[in-house]
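Structure assessment
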Amino acid sequence: MNRLVTLLVVFLLTAQVTVAVSATPDISTLTDAGQTDELGAPMVLWTKLNDGSILTVTDEGNVSKNILSNNGTLSIQWSVLLDVEANKARIDGAQELVTVAHQTGVVVIQMTTQSVYRNLSTPDPVNDAVYDQEGYLWLMYSAGKRRADRYDAAGFTGISSTTVQAGISAFEILHDGRIAIASYDKKIYVHAADGTLTNTLTEPTAIVSTLFSVDNTTMLAGTTGGTAYKYSTESWSVATQSLGHTKQTSHLTYANGYYIVGAKQGKVTFLDETNFSVVENFEASGEIVGLSMAFNGPFYAAGNTLTSTKITYFDLDSDGDLVNDRNDAFPNDATQNADTDGDGYGDNPNGNQPDAFPKDETQWEDIDGDGYGDNVAGNNPDVFPNNPDQWSDADGDGYGDNSNGQDGDVFPSESSQWSDTDRDGYGDNPDGFKPDACPTVNAFSTADRYGCPDSDLDGYSNPDDNWTVEDGADALPSNPTQWLDGDGDGFGDAADGEEPDACPWEFGTSRNAVSVDVNATGGYVAVPSFGCEDADGDGWVDRTESPLMDIDPDEHFDGDGDGVGSNEDYDDSRPFIQTEQDHCLNDKNDTSEACLGWNNPAYQAYLKTLDEGELVLGFFAWNTSLQDAPQGDTPLNVDDEVLSQVVTVGLVAFIGLTAVILVAASVIKKRKLATTSKEYGGINPALSSNASKEALEGRGGLSAAGGIIADASWDDDVAQLNFEENESDGFADMDLKSAEGVENTVSMAYEEESMEAIAGLPSPAQSTEVEEESPAQAMPAEAPPLPEGGLPDGWTMDQWRWYGHEWLAKYGKN
């Protein structure tokens, strides 16, 4: 009962509105005003409500009530998100309930509460759902069931339409409660409210895609082929009208005395209510799903695309300039229709009161035609109104900002500069900002002076006759990472640049430094070190080279400290092995050809007989030649007696000289170590360069080295070396003149002898006797007087007895 009352009130209100606007508006002057909005999804419902708002339902079941603004855009008032695959949506006659038919049922939304009023689930997709005048809900199944079922509050009532075998293409509830079902067989089946089939309409010649109940007596039908049918629901008489196109009908409605047919591809057709003829055709966008028409004719059309809904507006054109009044700034002036800046002057330069500056409301006239307005109070006024090349002077220097025009300013933002002869960006005025030091040369230095050549592009200019390195020019003009060279050695002072000077305080030519590394193959690694002192010019920093190597341009490292550099030293890890000969004579197990030759006196004697340039036989070749020679002779005709003498003398001289060198080196090292130990408290200078200074200053030990650890360091007496030749020279058992001849020399054997015997020195036992016979120097009985501060740091009393007088002589007065 309440529902019937509501419907009656709505009907009466509608009738009043219809009477109030009974005059049919003239739509002949309507023109396309363009798209006003685009919604982010296709719509299954877009309709105007009685209060002027727009109800929309998207294909995802998003139900929204919207306000349509004057500029044609929608703003949402409220929304209910259903998240369903919607097929169609309807609103009942009371505009209270919205039905959303979807793939798994129907959802009903109540407008006043903005909430779900009812939710029905079905096994088949529901293609449409409509409330009839009695409040029953009809569910239409296009496929599957191919019928319409009636539901009440409790559920399915058991009442259905007949099954349409060809499938359902359109569905509508008539005003009197009857049901119209269009089929793919091009027929329309009319049923009574109880589902009984009463009429079959066969007039359509194409599939009916849309049905619309206009009122109690009229029903419209639109087909897929661009034809509209107007049926009398009382007699079922029909009027047919071609729409002038073949597009499928997608929307039917009635407004202001017009039947309006919307179709795909934006087609909109207005039909006369009386004679059902075409009045006007319009074209919007997409598949038309809804229209909203104003009482005086302008209307909005909503059209679906695959991903959105576009809103197009059609408006009147009062002055007939083909621009509708909505978009015409001068609706009564056919020569002007736009005023972009709103200054009252039209954008059409050929119309009445044209605007020379249609986008600037402060300017509209430009006498010299330079594009800048003559209104001094407006934007960007022309400072040079009689100079078409100039119009502004930002820095106020009297030169126009257009640098390419007459009296142009190359530096429009800098009042102290205006010309730039060489066009390098630095001004010619020497008293101005960043003056060009080379005004006739296009160059780009910036650090020491502006606008001069900078070959390496590091910002520092190249030196010239008028600007030297002392003035700030680039000391290294070809190196972009360096520009200062304080010592003038060609290596830059920037530590992060290329080849940085490791010794910027001194002139140097080094490129590498020696860094001892016991794990390296040669005992050291090369560390890049540019610009340090390198007196011998070998490229290595002198202070990092081994002792004596800093004066030898061919050497820089001496790993074994024997005075022979690693480049020349045969074995730089053993001090007594400097040459191949040293190695071979000390390693009897080396049976290489070279060592066999060095250990064979006869082969060495052979080598001495050769003249310069004469062919030299290797040891193996020489030995083979001996075996192939006749008995008693050699292929080289060396006399046996002469050969024996040469070999004997040579061996004796070599062994004696080697022993002398080794013994002398040992004695010198021992004396040096003893002197260092006594003077610096046992500090090894190689470990600490500060040890000697610490000891003499009374700070011994601070360098973490020092202290005497052996009494032998205090023994200044070394037994006198005996260089006299023993009666036994080590060759007593050798008979170089044996009857077997020279060839016996190949297999000679030597007994192992001690170094002392070879060198003519006493044996260890004899040395002990000598030491006992040589009395050691006695320690002084009394120590020198101690300084006021007591015994110096790091000294022992024994050290003080021996050397205290030296400390007092050096530091006692201080």
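Attention here is on the structure that accompanies the text. (Residues numbered from 1 in each chain as written. Predicted model: local features only at pLDDT ≥ 70, side-chain atom pairs only at ≥ 80, totals over all residues. Heavy atoms only, no water.)

**Re the overall build of the protein**
What counts is decided by this rule: What counts as a helix is a DSSP run of H or I of at least four residues, what counts as a strand is a run of E of at least two, and both are numbered from the N terminus. Two residues qualify as a contact provided that any one of their heavy atoms is within 4.5 Å of a heavy atom in the partner residue. Only the protein chains shown count as cover for residues, with accessible areas throughout obtained via the Shrake-Rupley method and a probe of 1.4 Å.
A count of helices and strands for the protein gives 10 helices and 30 strands. Of all intrachain contacts in the protein linking residues separated by at least 6 positions in sequence, the fraction that spans at least 24 positions is 32%. Carbon together with sulfur atoms contributes 51% to the accessible area of the protein, which is approximately 43200 Å² in total.

**A short note on the pairing of strand β24 (residues 267–272)**
Definition in use: Here the term buried applies to any residue with accessible area under 20% of the maximum for its type, exposed to any over 50%, and partly exposed to those in between, with areas from a 1.4 Å probe on protein chains only. If DSSP finds at least two bridges between two strands, the strands pair.
Of all 6 residues making up β24, 5 are buried, and the element is well covered by its neighbours. By the bridge criterion, 5 bridges tie strand β23 (residues 258–263) to β24 in an arrangement that is antiparallel. If you follow Ile-260 over to β24, its bridge partner there is Phe-270. Linking β23 to β24, which pair antiparallel, is a turn of 3 residues; within it Gln-265 sits at a positive phi near 60°. In textbook terms, the turn of a hairpin is the stretch between consecutive antiparallel strands, and for β24 and strand β25 (residues 278–283) this stretch comprises 5 residues, one of which, Phe-276, has a positive phi near 55°.

**Quick notes on the state of the cysteines**
Spelled out, the test is: Note on terminology: disulfide denotes any pair of cysteine sulfur atoms within 2.5 Å.
For the coordinates displayed, the defined rule picks out 3 disulfides. With its sulfur 1.9 Å from that of its partner, Cys-503 forms a disulfide with Cys-532. Classification of the bridge connecting Cys-503 and Cys-532 rests on its S-S torsion, roughly 85°, and on that basis the disulfide is right-handed. Of the two residues, Cys-503 sits in the loop between β28 (309–315) and β29 (512–516) while Cys-532 sits in the loop between β30 (524–528) and α2 (580–586), which places them 29 residues apart along the sequence. Take Cys-503 and Cys-532: they sit in the same class, and that class is buried. Across the disulfide from Cys-584 sits Cys-595; the S-S distance is 2.1 Å. Measuring the twist about the S-S bond at about -75°, one finds the Cys-584-Cys-595 disulfide to be left-handed.

**What about the sheet that holds β24?**
The criterion, for reference: An axis is simply a line fitted to the C-alpha atoms; with a helix, the fit covers only the stretch in contact. Between two such axes, the angle follows the N-to-C directions and lies from 0 to 180 degrees.
Taken in spatial order, the 4 strands make up an open sheet running β22-β23-β24-β25, and their pairing is antiparallel. For this open sheet the edge positions go to β22 (249–255) and β25, each flanked by a neighbour on one side alone. For this sheet, the mean inter-axis angle between neighbouring strands, taken without regard to orientation, is 20°. Across 6 bridges, β22 lies against β23 in antiparallel orientation. Looking at the pairing, Ala-255 lines up with Tyr-258 of β23.

**Notes on the nonpolar core**
Put simply, the test is: Working definition of a nonpolar core: buried Ala, Val, Leu, Ile, Met, Phe, Trp, Tyr and Cys residues. They are joined through side-chain atoms within 4.5 Å.
Membership of the largest hydrophobic core comes to 17 residues, with the highest contact counts inside it found for Leu-55, Val-57, Val-63, Leu-82, Val-98, Val-100 and Ile-109. When contributions to this core are tallied by element, the ones reaching two or more residues are β2 (43–48), β3 (54–58), β5 (74–81), β6 (86–91), β7 (97–102) and β8 (105–110). Filtering out sequence-adjacent residues up to four positions away, Val-98 remains in contact with Leu-55, Val-57, Arg-90, Ile-91, Val-107, Val-108, Ile-109 and Met-111.

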